Amino acid sequence: MSTIHLHQTTTSTPEQYVAGLTDFGPGRSKLFGNSADEYLKVHERGGTQADVTEGSGGIWERLHYDWSDPNHVVLTTTDSNTWGGASGHTYTFTRRPDGLTDIDVVVVRDGKNFKGRLLGFMLGTTVNGIEARNSAAREARSS
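Small disclaimer: the values here were computed from a predicted structure and weren't measured.

K.L.:
Please explain the overall build of the chain as it appears in this structure.
P.N.:
Helix and strand counts for the chain stand at two helices and seven strands. Ordered by position from the N terminus, the helices and strands of the chain form the series β-α-β-β-β-β-β-β-α. Buried positions account for 34% of the 143 residues belonging to the chain. Taking the intrachain contacts of the chain between residues at least 6 apart in sequence as the baseline, contacts between residues at least 24 apart amount to 38%. By element, 55% of the accessible surface of the chain is carried by carbon and sulfur atoms, the whole surface being about 8,400 Å².

This is the structure:
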């Protein structure tokens, strides 16, 4: 199982980001490269929740989206040809006094078959390698 933590500061408000995240219309792949239009199927959508299948490149997952807390959006994998267990995404938005928004994303990839375990391992190894390289570069600059 791989857990990936991402952080970004943006000029978008939490409401704007949630609006993009929950726009399941055509062209979604322009915002989310791993969500090809031909895989996209909205099974159910309410005011603060949705049940959606999306994917690309032969990998798909069905996700339960919950944005009932506008500062904390949770996507839980309910079915997939690759991911299982605790897989999903969590977005946390923090408004800053300067008008910007901090976005923290946690992606959990728990492979349910050989393909999923291999992809999860590769994701974890790549992230760890990049973190190590960046840490070494920071240390070299501060020396």
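K.L.:
Sorry if this is basic, but what is going on with the side chain of D51 here?
P.N.:
Here D51 shows up in strand β3 (residues 49-56). Filtering out sequence-adjacent residues up to four positions away, D51 remains in contact with K41, V42, H43, E44, R62 and L63.

K.L.:
Honestly, the sheet that holds strand β6 (residues 88-95) in this entry has me stumped. Any pointers?
P.N.:
Pairing between sheet strands relies on hydrogen bonds along the backbone, with the strands arranged either parallel or antiparallel. Spatially, seven strands are ordered β1-β7-β6-β5-β4-β3-β2 in an open sheet, and the strand pairing comes out antiparallel. Of all strands in the sheet, those with a lone pairing partner are β1 (2-10) and β2 (41-45), marking the two edges. Pairs of neighbouring strands in the sheet enclose a mean axial angle of 20 degrees, with direction left out of account. Sheet topology places β3 next to strand β4 (residues 59-69); eight bridges connect them, and they run antiparallel. From the neighbouring strand, A50 faces β4, where its bridge partner is Y65. Against the sheet, helix α1 (residues 14-21) engages β4, β5 (72-80), β6 and β7 (101-109), with an angle of about 160 degrees to β6.

K.L.:
Please explain the packing of aromatic side chains as it appears in this structure.
P.N.:
Centre-to-centre distance and the angle between the planes together describe a pair of aromatic rings. Inspection of every chain in the model, using the stated rule, returns three aromatic pairs. For the pair Y17 and Y91, a centre-to-centre distance of 6.0 Å together with 45 degrees between the ring planes defines the contact as tilted. Residue Y17 is located in helix α1, and its partner Y91 is located in strand β6; the two are separated by 74 residues in the primary sequence. On the basis of relative accessible area, Y91 is assigned to the buried category, the value being 9%. By way of ring pairs, the aromatic residues Y17, Y91 and F93 are connected into one cluster.

K.L.:
Sorry if this is basic, but what is going on with the nonpolar core here?
P.N.:
Considering soluble globular proteins, one finds that nonpolar side chains tend to be buried as a cluster. One finds Y65, V73, L75 and Y91 to be the most contacted residues of the largest nonpolar core, which totals 17 residues. Mapped onto this core, the elements with two or more residues apiece are α1, β3, β4, β5, β6 and β7. When sequence neighbours within four positions are dropped, the list of residues in contact with Y65 reads L21, F24, R28, T48, Q49, A50, V52, E54, V74 and L75.

About the criteria used
Residues numbered from 1 in each chain as written. Predicted model: local features only at pLDDT ≥ 70, side-chain atom pairs only at ≥ 80, totals over all residues. Heavy atoms only, no water. Helix = DSSP H or I, 4+ residues; strand = E, 2+ residues; numbered from the N terminus. Buried < 20%, exposed > 50% of the residue type's maximum accessible area, 1.4 Å probe, protein only. Contact = heavy atoms within 4.5 Å. Areas by Shrake-Rupley, 256 points an atom, 1.4 Å probe, with all protein chains shown as cover. Pairing = 2+ DSSP bridges. Axes fitted to C-alpha atoms, helices over the stretch in contact; angles between N-to-C directions. Phe/Tyr/Trp six-rings, centres within 6.5 Å; stacked < 30°, edge-to-face > 60°. Core = buried A, V, L, I, M, F, W, Y, C linked by side-chain atoms within 4.5 Å.

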